[in-house]
Amino acid sequence: MSILHSALGAALRMRQEDESADAAPEDGFSVTIDCDTGNEYDGRMGLRISSIFVILVGSILGAVLPVVLARGTKMKVNGTAFFIAKYFGSGVIIGTAFMHLLSPAFDALKSPCLPDGPINDYDWAAGICLMTVFVMFTIELLASRFDFFGHDHSDAKVVDPSLDVLKRGTQTTSTPTNDVEAGQVSKENGSGHTNDHSLHLPTDVSYPPGNEDHLGHQREHQIDDNHTAFAAQMTALFILEFGVIFHSIFIGLTLAVAGEEFTVLYIVLVFHQTFEGLGLGSRLATAQWPASKYWMPYVLALGYAVSTPISIAIGLGVRATLQPGSPKSLMINGIFDSISAGILIYTGLVELLAHEFMFNSYMRNAGLKVQLFALGCVALGCGLMAVLAEWA
């Protein structure tokens, strides 16, 4: 009986060993997730302090300089250079939204270091981003209907050196409010009809259909809806400012306590903040600011410029207790990155791309070369931010 018992025991042990071998990875090792909640601060205080001033200079050059050149000096600004900066900056905003905000938000809110619960049961990064887009549209819709900004904008003037490029590339001699694709032949023959009426072809092929008023779009700043356009423009600018500043605060805190990757991150963020500032500054410079608020674009540009340096200084001050890898920090970063991504996606695709290319009468009347050149600048800015996302 003892022999049989021993034999059965040996067979059972052999079977268990075989099952364990089958369950183990074929390469003989298992994956261990390191959820260290601390930070990787490794000294080099002098270099970290220098990042405060270097990034501050880069951010000022990107955000404040376009405003000063376009609005604060009598110096003739090169229209081509401003044209490139304006559309390159639009691409930077779009690239930042997807590659520097939405992608990290997915990583943070799907981190295996987060505790089990509702946060792991849904793609919250995409959901929060989607909700933000709808909220942004609702805010802009309400701002266009209610008087949030007052009526002191009647003296607002357009300051946009990049329009020189569009005007030089205009294909027709009609006024900017006429669409080059709107079937203007009827005005040329003076009869109000084209020669194609026998073919029953539509004579209105403008975009949007029925010209600008058909979709209720209010960016052409007509006399009757100046206030609506002004309110929507101000809302879009403040939304854009809100999105980029929140993003800048979090990356500043990250840089302050970065470990061995600090040097690479330092270099990348200098370019990142400069280019992102260029996207914001070029928009602040070309907005229609009333004379009573001439100081506003300078304040908004400077607010962006100091956001990252201040957050770096704060991060260095609390470096002993800052825990960027903790579940709480991951959730906060992921939520705010998702919100900022929704803001910049809406602003980039609607306020920048759609309004500049589809609803801007100067751009629609410009030649194909000018339009493709502007689109190339957007693609360059977007592509550059996608490349920088490899390191930051």
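> So what exactly am I meant to see when it comes to the overall build of the chain here?
For the chain, the helix and strand inventory stands at 12 helices and 0 strands. For the chain, the N- to C-terminal ordering of α and β elements is α-α-α-α-α-α-α-α-α-α-α-α. The buried share of the chain, reckoned over its 392 residues, is 43%. At a minimum sequence separation of 6, the contacts of the chain that also span at least 24 residues come to 85%. Of the accessible surface of the chain, which amounts to about 20,700 Å², a share of 65% is contributed by carbon and sulfur atoms.

> How should I be thinking about the nonpolar core in this particular structure?
Note on soluble globular proteins: their nonpolar side chains tend to be buried together. If you look at the biggest cluster of nonpolar residues, it comprises 32 residues, and the most contacted ones within it are Val-244, Leu-284, Trp-289 and Leu-344. Looking at this core, the elements with two or more residues in it are α2 (45–72), α3 (79–109), α4 (124–143), α7 (226–256), α8 (262–286), α9 (296–317) and α10 (327–358). Tallying contributions element by element places α10 first for this core, with 6 residues. By size, the runner-up hydrophobic cluster in this structure holds 15 residues, among which are Ile-55, Ala-256, Phe-262 and Leu-322.

> Looking at this structure, how should I read α10?
Every α-helical turn comprises 3.6 residues, leaving residues that sit three or four positions apart pointing alike. Compared with the 46 Å implied by 1.5 Å per residue over 32 residues, the 43 Å span of α10 between its first and last C-alpha is a close match. Of all the bends in α10, the greatest, near 30°, is centred on Thr-347.

> Teacher, can you tell me more about a nonpolar patch on the surface here?
There is a patch of nonpolar side chains on the surface, built from Val-57, Leu-61 and Leu-65 and spanning about 250 Å² of accessible area. Position of Val-57 relative to the elements: it lies in helix α2.

Cut-offs used in this document
- Once a new chain begins, its residue numbering starts again from 1 and follows that chain's sequence as written.
- Residue-level local features of this predicted model are given only where pLDDT is at least 70; pairs of side-chain atoms are given and counted only at 80 or more, and the full residue set underlies all totals for whole chains, interfaces and linings.
- In computing side-chain properties, one takes all heavy atoms of the structure into account and sets aside hydrogens as well as water.
- The helix count covers DSSP runs of H or I at least four residues long, the strand count covers runs of E at least two residues long, and both are numbered beginning at the N terminus.
- Three labels apply to residues, based on accessible area from a 1.4 Å probe with only protein chains included: buried if under 20% of the type maximum, exposed if over 50%, partly exposed otherwise in between.
- Contacts are assigned to residue pairs that have any heavy atoms within 4.5 Å of one another.
- All accessible areas in this document rest on Shrake-Rupley with a 1.4 Å probe, and a residue is counted as covered only by the protein chains that are shown.
- The criterion is simple. A nonpolar core is a set of buried Ala, Val, Leu, Ile, Met, Phe, Trp, Tyr and Cys residues joined through side-chain atoms within 4.5 Å.
- Expected helix span is computed as 1.5 Å times (number of residues minus one).
- Bend at a residue means the angle formed by two fitted axes: the first through the 7 residues ending at that position, the second through the 7 residues beginning there.
- Residues forming no salt bridge and having over 30% relative accessible area are the ones grouped into patches, like charges within 9 Å of each other and nonpolar side chains (Val, Leu, Ile, Met, Phe, Trp, Tyr) within 5 Å.
- Think of a salt bridge as a Lys or Arg side-chain nitrogen and an Asp or Glu carboxyl oxygen that are within 4 Å of each other.

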